[in-house]
Amino acid sequence: MTLDTCKIPLQEDASGVIHVENTRVTLNSVVDAFHEGASAEEIAERFPAISLSAVYAAIAFYLQNREELDNYLKSRNEEIQRLRKKIEARPCAGEFRARLLARKSSAGLS
């Protein structure tokens, strides 16, 4: 038997977000669930797109690189909060539609 190094099933996309196993599940999601006390099995149940072995590998990678990944996760969470605030600051779709219809009406367009 030969011992091979374990391939970490993580990929970074063009915007710098780390995903697990070529899925839309992010490392943030796995680590957040881990911090909430979820077991690897529970995390795999929450995210059926990723395998149990990938969950264990992602957690192991996080634990081996905790300081660097905590900085990455902090910056990602800050970006998520900025985007959330930006989206929430937008007028709701109904108000936006009403303004467009009012403009159209005042311009005499049918």
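Remember, predicted model here, so these are calculated numbers, not experimental data.

Let us look at the packing of helix α3 (residues 52-64) against helix α4 (residues 66-89). Packing of α3 against α4 leaves a shortest axis separation of 5 Å and a crossing angle of 105°. When the axes of α3 and α4 are compared, the pair comes out roughly perpendicular. Here Phe61, Tyr62, Leu63 and Gln64 of α3 lie close against α4, whose contacting residues are Arg66, Leu69, Asp70 and Leu73. For the contact of α3 with α4, the per-class residue count stands at five nonpolar, one polar and two charged.

The next point concerns the pattern of salt bridges. Where charged atoms from two side chains of opposite charge come close, those side chains can pair. For the coordinates displayed, the defined rule picks out two salt bridges. We note a salt bridge from Glu36 to Arg46, for which the minimum N-O separation is 3.1 Å. Of this pair, Glu36 sits in the loop between α1 (27-35) and α2 (40-46) while Arg46 sits in helix α2, placing them 10 residues apart in sequence. Residue class for Glu36 comes out exposed when judged on its relative accessible area of 58%. The class of Arg46 is partly exposed, set by a relative accessible area of 44%. Residues Arg82 and Glu79 are paired through a salt bridge, measuring 2.6 Å at the closest nitrogen-oxygen approach.

Let us look at the confidence of the model for the protein chain. Residues with a pLDDT of 70 or more make up 90% of the protein chain, whose mean pLDDT is 88. The element-level mean pLDDT for the protein chain is lowest in helix α5 (residues 93-106), coming to 81, with α2 highest at 97.

With respect to the helices and strands, the residue Thr23 is situated in the loop between β2 (18-20) and α1. Excluding anything up to four places from it in sequence, Thr23 contacts Ala49 and Ile50.

Cut-offs used in this document
- Residues numbered from 1 in each chain as written.
- Predicted model: local features only at pLDDT ≥ 70, side-chain atom pairs only at ≥ 80, totals over all residues.
- Heavy atoms only, no water.
- Axes fitted to C-alpha atoms, helices over the stretch in contact; angles between N-to-C directions.
- Helix = DSSP H or I, 4+ residues; strand = E, 2+ residues; numbered from the N terminus.
- Parallel < 35°, antiparallel > 145°, perpendicular 65-115°, else oblique.
- Contact = heavy atoms within 4.5 Å.
- Nonpolar A, V, L, I, M, F, W, Y, C, P; charged D, E, K, R; others polar.
- Salt bridge = Lys/Arg side-chain N within 4 Å of Asp/Glu carboxyl O.
- Buried < 20%, exposed > 50% of the residue type's maximum accessible area, 1.4 Å probe, protein only.
- pLDDT = per-residue confidence, 0-100.

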